[in-house]
Amino acid sequence: MKFSKGVQDGLPIGLGYFAVSFSFGIAGSKLLSWPLVTFISMTNLTSAGQFAGLQIMADAAGTFIEMAIATFFINLRYSLMAISLSQKVAPNFGTFKRLLLATGITDEIYALAVSQAEPVTARYFAGLMVLPYIGWSSGTLCGAVCGEILPAVVTNALGVALYGMFVAIVVPQMKAHRPTLIAVLIAIACSCAFRYVPALSGVTVGFAIIICALVASLLGAALFPVKDDEDDTPDGQAGAQPASVQSAGVQPAGGQPSGAQPAGECRQRKEGT
């Protein structure tokens, strides 16, 4: 798989990342200068983790420990993606290359890479992450610069795009998948509790994000456990032969071929003739 093929496949992702990171640049310009905001996106490629970090920065009581723990749990899914993708890469995709290109693993890049029919090479994966990285960094740069020169009314209006992005990501999953809906409602309930319950209002934003994510994930896993394929087999059908096997008359283990007549019956027919 060639580098140019990866660049071609990564073009749509890069265009989408530009729009999303523009909102991040707008939001970050309210707290940091545009070079620092751009530097965050150049050293991180995680939208949810970066937005959570901004929230913790905006909180006067936020700490680096909260930021580290929050981003760790938010980005923990990338470790699972990396394990899955490691089964798909080419044999010459060595350890050093994996460590170097691991920063480019995102939801969209992983989905494209793992869907390839051929083993993923280092050149293809490098090409796949180039335009998304450029789109994410340049979009942040443009958003941060615009956030410093445009009036506050305009930047506040553009900041709404951030919430629209999360709505566009979460709502379709909530409609199609009931466990996702329950998990989101649990997270919303926990967030409201930290906001309006006096006993919990003293918890900082960073730890509130961590607790909400953990509680929603654990309750969702407990209420809707993932079943094995064997558990989905109806009772009494575990040993059933496929229709193609039955129609072909293939002999099941310990029995006669499907549709075969007993030997005694065949003998009686021959004697009658």
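Above this text is the structure in question.
Anyway, here's the lowdown on the structure attached to this text. (Residues numbered from 1 in each chain as written. Predicted model: local features only at pLDDT ≥ 70, side-chain atom pairs only at ≥ 80, totals over all residues. Heavy atoms only, no water.)

1. Thoughts on the overall build of the chain
Of the regular secondary structure elements, the chain holds 13 helices and 0 strands. For the chain, the succession of helices and strands along the chain, N to C, is α-α-α-α-α-α-α-α-α-α-α-α-α. Of all intrachain contacts in the chain linking residues separated by at least 6 positions in sequence, the fraction that spans at least 24 positions is 73%. Element-wise, carbon and sulfur atoms account for 66% of the exposed surface of the chain, whose accessible area totals about 16,800 Å². (Helix = DSSP H or I, 4+ residues; strand = E, 2+ residues; numbered from the N terminus. Contact = heavy atoms within 4.5 Å. Areas by Shrake-Rupley, 256 points an atom, 1.4 Å probe, with all protein chains shown as cover.)

2. Some thoughts on helix 5 (residues 77–86)
Owing to its 3.6 residues per turn, the α-helix aligns residues three or four sequence positions apart on the same side. Buried within helix 5 are the following residues: Tyr-78, Met-81 and Leu-85. Looking straight down helix 5, one finds that the buried residues subtend no more than 55° of arc, so they occupy a single side. Facing away from the buried side of helix 5 by more than 90 degrees, the exposed set consists of Leu-80 and Ile-83. (Buried < 20%, exposed > 50% of the residue type's maximum accessible area, 1.4 Å probe, protein only. Arc of directions from axis to C-beta.)

3. Examining the packing of helix 4 (residues 64–74) against helix 11 (residues 205–223)
Two elements in contact, helix 4 and helix 11, have axes whose closest approach is 8 Å; the angle formed by their N-to-C orientations is 25°. Between helix 4 and helix 11, the angle falls in the class roughly parallel. Helix 11 is crossed by helix 4, and the crossing has left-handed handedness. Counted together, Glu-66, Ile-69, Ala-70, Phe-73 and Ile-74 of helix 4 and Gly-206, Phe-207, Ile-209, Ile-210 and Leu-214 of helix 11 form the full contact between these two elements. Here the contact of helix 4 with helix 11 is built from residues that sort into 8 nonpolar, 1 polar and 1 charged. (Axes fitted to C-alpha atoms, helices over the stretch in contact; angles between N-to-C directions. Parallel < 35°, antiparallel > 145°, perpendicular 65-115°, else oblique. Left-handed = near helix turned anticlockwise from the far one by under 90°. Nonpolar A, V, L, I, M, F, W, Y, C, P; charged D, E, K, R; others polar.)

4. With respect to the side chain of Thr-38
Along the chain, the position of Thr-38 falls in helix 2 (residues 34–43). We classify Thr-38 as buried; its relative accessible area is 9%.

5. Thoughts on the packing of aromatic side chains
Evaluated as defined, the whole model comprises 3 aromatic pairs. Considering the side-chain rings of Phe-24 and Phe-51, the 5.3 Å spacing of their centres and the 85° angle between planes classify their relative orientation as edge-to-face. On the criterion of sequence distance, the pair formed by Phe-24 in helix 1 (residues 3–28) and Phe-51 in helix 3 (residues 47–58) is long-range, its members being 27 residues apart. Judged by its relative accessible area of 0%, Phe-24 falls in the buried class. Sitting above the plane of the Tyr-78 ring, Arg-77 keeps its charged end 4.3 Å from the centroid. (Phe/Tyr/Trp six-rings, centres within 6.5 Å; stacked < 30°, edge-to-face > 60°. Lys NZ or Arg CZ within 6 Å of the ring centre and 35° of its normal.)

6. Quick word on the environment of Phe-22
Examined against the element boundaries, Phe-22 turns out to sit in helix 1. It is 9.0 Å that separates the C-alpha atoms of Phe-22 and Ser-137, two residues lying 115 residues apart in sequence. When sequence neighbours within four positions are dropped, the list of residues in contact with Phe-22 reads Gly-139, Thr-140, Cys-142, Gly-143, Cys-146 and Leu-158.

7. Notes on the layout of surface pockets
Empty space left among the atoms is revealed by rolling a probe the size of a water molecule over them. Of the volumes computed, that of the second largest pocket is approximately 330 Å³. Put simply, the parts of the chain that give the lining of the second largest pocket at least two residues each are helix 2, helix 5 and helix 8 (122–149). In terms of residue count, the dominant contributor to the lining of the second largest pocket is helix 5 (3 residues). When its residues are assigned to classes, the lining of the second largest pocket shows 8 nonpolar, 7 polar and no charged. (1 Å grid on protein atoms, 1.4 Å probe; cavity = no way out; pocket = protein on both sides within 12 Å on 5 of 7 lines; lining within 4 Å. Points joined across faces, edges and corners; volume = space filled by probe spheres on them.)

8. Quick look at the pattern of salt bridges
Any two side chains of opposite charge can pair if their charged atoms end up close together. Scanning the model with the defined rule gives 2 salt bridges in all. Lys-5 is the salt-bridge partner of Asp-9, the closest N and O atoms lying 2.7 Å from each other. Pair noted here: Asp-9 and Lys-5 are both in helix 1, with a separation of 4 residues, about one helical turn. Owing to a relative accessible area of 34%, Lys-5 belongs among the partly exposed residues under this scheme. Asp-107 is the partner of Arg-77 in a salt bridge, and the nearest nitrogen-oxygen pair spans 3.0 Å. (Salt bridge = Lys/Arg side-chain N within 4 Å of Asp/Glu carboxyl O.)

9. Digging into the side chain of Ser-21
Tracing the backbone through its elements, the reader meets Ser-21 in helix 1. Here the side chain of Ser-21 touches Tyr-17 through a polar contact of 2.8 Å, landing on its backbone oxygen. From its side chain, Ser-21 meets the backbone oxygen of Gly-135 in a polar contact 3.4 Å long. Filtering out sequence-adjacent residues up to four positions away, Ser-21 remains in contact with Gly-135, Trp-136, Gly-139 and Thr-140. (Polar contact = N/O pair within 3.5 Å; in protein donor to acceptor, adjacent residues only side chain to side chain.)

10. Some details on a nonpolar patch on the surface
A contiguous nonpolar surface patch, about 440 Å² in accessible area, is contributed by Ile-65, Val-197, Leu-200, Val-203, Phe-207 and Ile-211. Tracing the chain through its elements places Val-203 in the loop between helix 10 (178–196) and helix 11. A relative accessible area of 30% places Val-203 in the partly exposed class. (Patch = residues over 30% accessible without salt bridge, like charges linked within 9 Å, V, L, I, M, F, W, Y side chains within 5 Å.)

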